[in-house]
Amino acid sequence: MRDDPITSDVLVIGAGLAGERTAIEAASRGLQVIILSLVPPRRSHSTAAQGGMQAALGNMFMSQGDSPDVHFEDTVRGADWGCDQDVARLFVNLAPVAVRQASFWGVPWSRVEAGSRKLADGTIIQELRGKEGLIAQRDFGGTKKWRACFASDGTGHALMYALDNVALSLGLEVHDRVEAISLIHDGERCCGAVVLDLRTGELRNYIARATVIATGGCGRIYKHSTNAVINDGGGVAIAQATGVVPLGNMEAVQFHPTAVVPGDILVSEACRGDGGYLLDRDGHRFMPDYEPVKKELASRDVVSRRMMMHIRKGKGVESPYDSHLWLDIRNLGQQHIQANLREVAAICDDFLGIDPVHQLIPVRPAQHYTMGGVRTDIGGRAYGLKGLYAAGEAACWDLHGFNRLGGNSLVETVVMGMIVGKSIAEDAESPDGVSFGSAIQVLAQQTRSRVKERIRKLASGGKEYVCDLRNRMAEILGEKVGIFRHDKDLGEAVEELCELYQRSNSLGLRSPTRCGPQPELALALRLPGMLRLAITIAYGALQRTESRGAHYREDYPCRDDVNWLKRTLATWPAGADLPHLAYEPVRITESPPGERGYGEAQKSGNKEGTYA
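A brief report on the enclosed structure follows. (Residues numbered from 1 in each chain as written. Predicted model: local features only at pLDDT ≥ 70, side-chain atom pairs only at ≥ 80, totals over all residues. Heavy atoms only, no water.)

**Quick look at the overall build of the protein**
- Assigned secondary structure in the protein consists of 16 helices and 21 strands.
- Taken over C-alpha atoms, the radius of gyration comes to 23 Å for the protein, in line with the 25 Å a tight globule of 612 residues would show.
- In terms of overall dimensions, the protein has a C-alpha envelope of 70 × 55 × 50 Å along the principal axes.
- Within the protein, the proportion of its 612 residues that are buried is 62%. (Helix = DSSP H or I, 4+ residues; strand = E, 2+ residues; numbered from the N terminus. Rg over C-alpha atoms; globule rule 2.2 N^0.38 Å. Buried < 20%, exposed > 50% of the residue type's maximum accessible area, 1.4 Å probe, protein only.)

Right under this line is the structure:
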């Protein structure tokens, strides 16, 4: 076991787009950076992003008149006025910069082709000759203009490879197949992390002046999720485990309308943006019945609810994997699908054995994105601990409020990475920083000793099996903390999850392995933090007695701006059975709350006039 710590200026936990972009920015400003990752960077979940990156370029006929101002309004409305408008303004201004920089770094963006073409609905548009060769953009849900820049339907893949090439050219040090188990901190400042080598079982101490959580979302705590298996909230959980770092808006969980059945693998929103339809068991296109203007391109929270409402009416297609609906992209034709949706076609072929050029795709909503995360300021600095930062889906800085627009997360990873890397470099100039002296090393050793004690306890053989608890946790969240929420279900979920959390104190290992890779041990170390996240989501949802964006309470179906225009902050004090919830107001700087323009629009009865 290695006793001497590994030191650096910056420790980035997570090697996806947000982590690598943060590392690139910090390294380009002269700082030494080490990146930790569960998998090699090019296997991160960022590569799964398909449809595009939102940026107001105005290159297409259907993008004319677009601007950061329009993008800002779309983002705020999409968030159901739950976002930080200062953050949204900064984001929309930098998004075009990030997209053009990605082009410079080698992302093979799809390009505008001049001339006339017919859209799936029969509309004829004329792409201008003067725009030919510029970055093309497609339609995504919840936006007024075509804004999503894309590289066929492998945008995340292309962007991840381009950024990783930049990281390699800078000589950034990546330690993969490792997992951060605990942050090293003294209650005021974060100094690094204790890390488990997943190949050898060795524990290592990493000490850094700045530590960044960039581990993505926590979708895999749900039973049905489009997330990769590594996205179980590990980075967010170790931040919450400090007892002083709050998580923001964890009850805001987005479900994507089109996950394939079975398997829950995402098929891009670009399918609907390019003109695909949703059909029920009778072959009826039902979305115009609910959303006559936006149809399939209302925001994701609205489309997901409408789909489940339609299934509840008995209009779903029965299958061995529960009811589903159909996604129809046959009208787009083989040439379009092979050029712009080829990854979707490959998923359908590889996992379903169907050809979407000629066959319908079985889909239903599945957990997709976590709007909540480590609460940070506009510069990515975490609340509660100096020296700790967060970026991407693991962070709540808070761009998305209670619903994320498609395409905003992919560009957020690189925009926020740019901002956080700059913040770290600026903070590094302060004399109030981490030293690598004996006191910090003693703190690191103490933290590692606590992790070793946890491992010893697990090895001693408790009665509970980690997979049993994890599977039940996922079922509870899916059944009672899903698209539709209700006081009774949420109360039961909190009670049952708390019971699982108490049982996790009696975990034991069944695997006889005592050296080398120990996946059961890694999961057992991780599970209590996953359960705390699950409880935080359910408890926050129980307390928020309104509907806002993806948080939809059937017993409180209207948005309540008088009482709930505020952000949830959840900390977990040492020894507590439930998180401590506090709230901070959502600042309205430019766009006052109003109707979203799609979805339910029921007046709440408040004199100010709010809407669901």
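Next, the rest of the story.
**Considering the packing of helix α1 (residues 17–28) against helix α11 (residues 408–428)**
- Two elements in contact, α1 and α11, have axes separated by 7 Å at closest approach and are oriented at 35°. Between α1 and α11 lies a crossing whose hand is right-handed. Along the contact surface, α1 presents L17, A18, R21, T22, E25 and A26, while α11 presents L410, T413, V414, G417, M418, V420, G421, K422 and I424.
- Partitioning the contact of α1 with α11 into residue classes produces eight nonpolar, four polar and three charged. (Axes fitted to C-alpha atoms, helices over the stretch in contact; angles between N-to-C directions. Left-handed = near helix turned anticlockwise from the far one by under 90°. Contact = heavy atoms within 4.5 Å. Nonpolar A, V, L, I, M, F, W, Y, C, P; charged D, E, K, R; others polar.)

**Considering the pattern of salt bridges**
- Enumeration according to the criterion identifies 50 salt bridges in this entry.
- For the salt bridge of R587 with D86, the shortest nitrogen-to-oxygen distance reads 2.2 Å. Here R587, found in the segment after β21 (580–585), pairs with D86, found in helix α3 (residues 85–104); they are 501 residues apart in sequence, far enough to count as distant.
- Relative accessible area serves as the criterion here: at 48%, R587 is assigned to the partly exposed category.
- Look at D86 and you get partly exposed, because its relative accessible area is 29%.
- The partner of D176 in a salt bridge is R177, with the nearest N and O atoms 3.5 Å apart.
- A relative accessible area of 36% means that R177 is categorised as partly exposed. (Salt bridge = Lys/Arg side-chain N within 4 Å of Asp/Glu carboxyl O.)

**As for helix α10 (residues 342–352)**
- Turning to α10, its buried residues are V344, A345, I347, C348 and L352. Buried residues of α10, viewed axially, fall in a sector of 160°; they line one side.
- Following α10 by one or two positions, G353 has its phi on the positive side, about 70°. (Arc of directions from axis to C-beta.)

**Structural notes on the packing of α1 against helix α4 (residues 155–169)**
- Relative orientation of the contacting elements α1 and α4 amounts to 30°, with a least axis distance of 10 Å. Considering their axes alone, α1 and α4 lie roughly parallel with respect to each other. Crossing hand, α1 versus α4: left-handed. When α1 is examined against α4, the residues L17, E20, R21 and I24 are found in contact with a partner set consisting of L159, M160, L163, D164, V166 and A167.
- A per-class count over the contact of α1 with α4 returns seven nonpolar, no polar and three charged. (Parallel < 35°, antiparallel > 145°, perpendicular 65-115°, else oblique.)

**Here's the deal with the sheet that holds β21**
- Spatial strand order, β19-β17-β12-β20-β21: five strands in an open sheet with mixed pairing. For this open sheet the edge positions go to β19 (395–396) and β21, each flanked by a neighbour on one side alone.
- Sheet topology places strand β17 (residues 373–375) next to β19; two bridges connect them, and they run parallel. Bridge assignment links V374 to a residue of β19, and that residue is A395.
- Here helix α15 (residues 519–543) sits on the sheet in contact with β12 (247–248), β20 (566–571) and β21, set at roughly 60° to β21. (Pairing = 2+ DSSP bridges.)

**What about the pairing of strand β9 (residues 178–185)?**
- The buried count for β9 comes to eight of eight residues, which makes it a mostly enclosed element.
- Two elements, β9 and strand β10 (residues 190–197), share seven bridges in a ladder whose sense is antiparallel. Its bridge partner lying in β10, E179 is registered against L196.
- Here β9 folds back onto β10 in antiparallel fashion, the turn holding four residues, of which G187 has a positive phi close to 90°.

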